[in-house]
Amino acid sequence: DAGITQSPRHKVTETGTPVTLRCHQTENHRYMYWYRQDPGHGLRLIHYSYGVKDTDKGEVSDGYSVSRSKTEDFLLTLESATSSQTSVYFCAISELLQGETQYFGPGTRLLVL
Amino acid sequence: DQQVKQNSPSLSVQEGRISILNCDYTNSMFDYFLWYKKYPAEGPTFLISISSIKDKNEDGRFTVFLNKSAKHLSLHIVPSQPGDSAVYFCAASDSGGGADGLTFGKGTHLIIQP
């Protein structure tokens with residue numbers, strides 16, 4: 001299994017509070033991604049990173065920001081959590097630019113009340 | 001606009017028989033396709049992939065077929081085993097667009113019956 005951990009694994013928070021999710025990898029892969037999974041939607045890309053301090057938006061980036069100050073860590077921040085951000089969040093990593101096979105972390109289940 | 005479609009939300013197959021999961025895509029720029037398997041409360045696990053230069057890729061019990069003209073791919077599992085019961089996601093990427101993430105279908109829940 002790829003060395004990817006996510007923390008916390010579960011979180012309950014209240015609307016309007018900031019939340020930061022962490023993804024940590026030990027594979028030294030260049031590319032990192034954040035997805036969310038919701039019933040009836042599969043997985044949707046939030047943000048991704050193609051190197052330290054290099055990030056870009058995905059399909060559903062509104063309300064989220066990311067930072068990557070080290071190769072191994074990719075942080076996802078919900079500046080002011082809303083109930084619509086209740087979801088399961090997955091981090092993924094990949095190394096190859098061509099034919100990007102991504103490997104996923106175990107996920108973080110977030111409930112916004 | 002759903003670019004990757006898995007039209008069967010669920011599929012039930014007898015143990016030992018063949019499971020066939022289908023996926024259609026609309027974006028002609030997609031050139032790399034993947035299948036992931038997901039158990040509850042776990043992250044998706046990479047299963048098998050195929051490049052658009054091929055029409056078949058095999059790995060043990062798993063075979064993926066790609067029909068570019070029909071924009072269709074399928075995953076065959078032979079023989080099906082109880083541990084194959086999971087949600088299967090089809091995903092696609094446009095490598096020419098850079099490493100800008102995968103586009104996923106909504107998933108098919110495969111149930112293997114004894």
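Each value, and the rule that gives it
Residues numbered from 1 in each chain as written. Chains lettered and ligands numbered in written order. Predicted model: local features only at pLDDT ≥ 70, side-chain atom pairs only at ≥ 80, totals over all residues. Heavy atoms only, no water. Core = buried A, V, L, I, M, F, W, Y, C linked by side-chain atoms within 4.5 Å. Buried < 20%, exposed > 50% of the residue type's maximum accessible area, 1.4 Å probe, protein only. Helix = DSSP H or I, 4+ residues; strand = E, 2+ residues; numbered from the N terminus. Contact = heavy atoms within 4.5 Å. Pairing = 2+ DSSP bridges.

Visitor: What is the right way to read the nonpolar core from this model?
Guide: Where a protein is soluble and globular, its nonpolar side chains tend to be buried together. One finds Phe33, Trp35, Leu73, Leu75 and Tyr88 of chain B to be the most contacted residues of the largest nonpolar core, which totals 23 residues. Looking at this core, the elements that each hand over two or more residues are strand S3 (19-25), strand S4 (32-38), strand S5 (45-51), strand S7 (62-67), strand S8 (72-77), strand S9 (86-93) and strand S11 (108-113) of chain B. Among the elements that line this core, the one with the most residues is S9 of chain B, at four residues. In this structure Phe33 of chain B touches Tyr25, Ile48, Ser49, Ile50, Leu66, Leu73, Ala91 and Ala92 of chain B, once residues within four positions along its chain are discounted. Core analysis: the next-biggest nonpolar cluster, separate from the first, contains 19 residues, Cys23, Met32, Val66 and Cys91 of chain A among them.

Visitor: How do you make sense of the sheet that holds S3 of chain B when you look at a structure like this?
Guide: Backbone hydrogen bonds hold the strands of a sheet together, and the pairing may be parallel or antiparallel. Residue and element names in this part refer to chain B. If you trace the five strands from one edge of the open sheet to the other, you get S1-S3-S8-S7-S6, paired in antiparallel fashion. Since the sheet does not close on itself, it has two edges, and those belong to strand S1 (4-5) and strand S6 (56-59), each with one partner. As judged from the six bridges shared by S7 and S8, these two strands associate in the antiparallel manner. Residue pairing in the sheet places Asn67 in a bridge with His72 of S8.

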